[in-house]
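# Examination of the molecular architecture
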Amino acid sequence: MRTEDTLQLAARSILANRLRTLLIVLGVAIGVSAVIVLTALGDSARRYITGEFSELGTNMIAILPGRSETTGGPPPLMGETPRDLTIDDALALARSPLIKQVAPLMLGSAPVAHAGLEREVTIFGTTAAMQDIRKLTMAQGQFLPDIDPHLASPVCVIGEQLASELFGNSSALGQWIRIGDRRFRVYGIIAKSGVSLGADLDDMAFIPVASAAALFNTQSLFRILTEARMATGISATSGEIRRIIKDRHEGEDDITIVAQDSIIATFDRIMLALTLGIAGIAAISLAVAGILIMNIMLVTVTQRTEEIGLLKALGAPQRQIRNLFLTEALLLSVGGALVGLLLGLAVAELLHRLYPVIPIAAPLWSIFAAVGIALATGLLFGVLPAVRAARQDPVSALARR
Amino acid sequence: MIRLTEIGKEFLLGEQRVHALRAINLRIDRGEYLSIMGPSGSGKSTLLNMIALLDRPSSGVYLLNERDVTGLGDDSLARVRRENFGFVFQFFHLIPRLTAAENIEVPLILAGLEPRQRQARVKAVLESYSLVDRAGHRPDQLSGGQRQRVAIARATIMRPAVILADEPTGNLDQATGRQVIHLLEQLNQQGITLILVTHDAEIGGHATRRIKLVDGMITEDTGVTA
C-alpha cells in the first residue's frame, strides 16, 4: 500500500466523522495553545525582568564601603571601622585599563526650595559618568557637566516629578533652586523612568559630588559605580578593583563588590525554572488530550469492526491496518497542533496588545515543544487502538452485524 | 487447486467442546461451480471461511495450488487471500463513506497499485457491471442489487482464481437475487472457480457440484471426491 493512499484513506475517514474530528482537534488545540500561552507569559516575564535589570548595564560593578563577613570567629579585639570610600578612590579606579568609567555616588537628603515651595528629596552627588552607567535619558537640558570631581559647581539635574512640584507648568530649565543652604541652577531634567532598583529617579536631584561633599559636610561616598570594559571580564575587573582599593586602604580589604550580571543571571535562572514549571503543567492538558484521542480512537475501532474485517478479507496485512489507524490519530493530532498553534499565538498577540508594556511573545522552543509533544501524544495514544484494530479476527469482525 | 485433507475445526463454548467441522476431505478444481448447502449451524460458513483462509483449522492440511498454507502467518495469509480470492458477502460490506468506484478500488489500493493503473481497471469493471452512472454514489444511495454488483465488482477487480460468495442473495429480493446469481455464473463461465454458500435449495441447485453439510460433516457431494 502506498503512503499517499494510506494518508488519503485516513483523511477520508477523518472528514467523514466531523464530530469526532472536532472533539479531538479541540482537545489537542487547547493543550497546545495552553503550553504556548503559558510559556509565552513566563518567558515574557523573565525577559521583562532581566531587561529591566540590564537597563542598568550588565557590565556595572558597584563598590560598597565595608565588608560583609560571612565567616565566623571571635570579634576583633579593637573596633574595626571600615575606611570610607573617597572621591580619590574613585579617581584611582578610573585610571585602571579594565575599567571603562567610574561614577562616585554620595547620598543625602535635603530640602529643595523654589519660590516659597519646599520639598525634602534625596540628593545624589555624582559625576557626568553617572548618566552613561545608569543609562539615564534626559527630558530637557543636559546631565551634569564633565568637570573635575573635586570641583564644586552650583548646577543640578532634577527628576520630572520634582520639577513639576516646584515649577508647575512653567519651565524649570535654567532656574535657580535652593538645596539645603546653597543655590543651584537647574541644568537638566531627567526623563520619567519610574522606580529603578529602589531609587525614585523622578523625585530627586543630582549635584556634582564635590558640591554634595560640601553640602553634607562629608568625604565618604555611599558607593562607587564602575563599568567594566568587557562583560566577560567581570571577575577579573572585580579582582583589579579589590587590589586598587586595598593598596589605597593600607592593605585592608574593606569593600563589598556587587556585580550586576550575577544578579541578572540568578533572576534569569529562577524565571526560566518557573516558565518550565508552568509549561509542564500545561503539558498535562496535552496528556489529557492524548487520552481523549485514545478513547475516541478505541470507540472508532469498535464502530469500524466490520470495515476492518473486510480489509483483512481483501488481503490487508496487520501492518496496513495498524498504519491506517495510526495515521488517522496522527493526522488528528497534527490538525489539533496547528489549530492550537494559531490559537496560542493569537492569544499571546492579544495579551501583548492588552499589556503593551510586557513584551509577550511565545519563545520558539515552546512552539516546537508544544507541537512536538502533541504529535508524540497522538502517536503514543494512537498505538493501542491501532494495534487492537490490526489484531481483530476477520471472521468474527465480518460476522458481527 | 484447493485440497482439504482431514480438516477439522473445534472450539470451546463455555465448558463444551463444539465441533464445527469434522474431518473434511475436499478437492476443488479450477473452474468448478460448487454450492455448499446445509441447515444453519451445519458449518457451511465455517467451511467457507476455512477455504478463504480467514479461519484456521484445528487439524488437517490445506493445500492451495500444491502449497501448504495451513501454517502460514497472518500477513502471508493476507497476501494469499488478496492474490487468490474474491469475496461476496450477504451484507455487502461496502465502506459507507466511500463511493461505489472507491469501494471497488480498495483491493487495488491495498495491493499498492499506481493510481493510473487503478483508474483504468476500475473504469473497465464499472462498465462491465453497468455501474458507470452509479460510480460517484455512496452505498446508502444505491439499491440492494446495485450494492451487491459493486461488491462483485470489488471481488473480481484483483482477477482472482476463486470467488467465494456467502449467501450473496440473502438480503435481496428474488428477482435481484437471480440477477446476482446470473452475474456470478457468468464469471464462472469465464473460468473463475465459484464457491457459493447458501441455504436456498433453488439457488444451490444451479451449481454443477453440490455439497451438503450436516453437523460439520459432508453428507452429500455430487462431484467426484478425491
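## A word on the nonpolar core
- Core analysis: the biggest nonpolar cluster contains 119 residues, and A:Val32, A:Val35, B:Ile163 and B:Leu164 have the highest contact counts within it.
- Ranked by residue count, the leading element in this core is helix H2 (residues 18-54) of chain A, at 12 residues.
- Leaving out residues up to four positions away in the same chain, A:Val32 has contacts with A:Leu286, A:Gly336, A:Ala337, A:Gly340, A:Leu341, A:Gly344, A:Ala370, A:Val371 and A:Ala374.
- Judged by nonpolar contacts, the second largest core, of 54 residues, contains A:Leu85, A:Val155, A:Leu225 and A:Ile241.

## Points about the sheet that holds strand E4 (residues 59-64) of chain B
All names here are of chain B.
- Across the sheet, which stays open at both edges, the 4 strands sit in the order E2-E1-E4-E5 with antiparallel pairing between neighbours. Sheet topology places strand E2 (16-28) and strand E5 (67-68) at the edges, where each strand pairs with a single neighbour.
- The sheet contact formed by E4 and E5 spans 2 bridges and is antiparallel. Residue pairing for E5: Leu-64 is matched across the bridge by Arg-67.

## With respect to the pairing of strand E10 (residues 217-221) of chain B
All names here are of chain B.
- Of the strand pairs in this sheet, strand E9 (residues 209-214) and E10 are connected by 4 bridges, and their pairing is antiparallel. Its bridge partner being in E10, Lys-212 is matched across the sheet by Glu-220.
- Here E9 folds back onto E10 in antiparallel fashion, the turn holding 2 residues, of which Asp-215 has a positive phi close to 55°.

## Points about the interface of chain B and chain A
- Chain B puts 21 residues into the contact, and the matching count from chain A is 23 residues.
- Elements represented by at least two residues in the side of chain B that touches chain A include exactly helix H2 (74-84) and helix H3 (100-111) of chain B.
- No other element matches the 6 residues that H2(B) contributes to the side of chain B that touches chain A.
- In terms of residue class, the side of chain B that touches chain A is made up of 11 nonpolar, 3 polar and 7 charged.

Parameters and conventions
- Residues numbered from 1 in each chain as written.
- Chains lettered and ligands numbered in written order.
- Predicted model: local features only at pLDDT ≥ 70, side-chain atom pairs only at ≥ 80, totals over all residues.
- Core = buried A, V, L, I, M, F, W, Y, C linked by C-beta atoms within 7 Å.
- Buried ≥ 20, exposed ≤ 12 C-beta atoms within 10 Å, placed from the backbone.
- Helix = DSSP H or I, 4+ residues; strand = E, 2+ residues; numbered from the N terminus.
- Contact = placed C-beta atoms within 7 Å.
- Pairing = 2+ DSSP bridges.
- Nonpolar A, V, L, I, M, F, W, Y, C, P; charged D, E, K, R; others polar.

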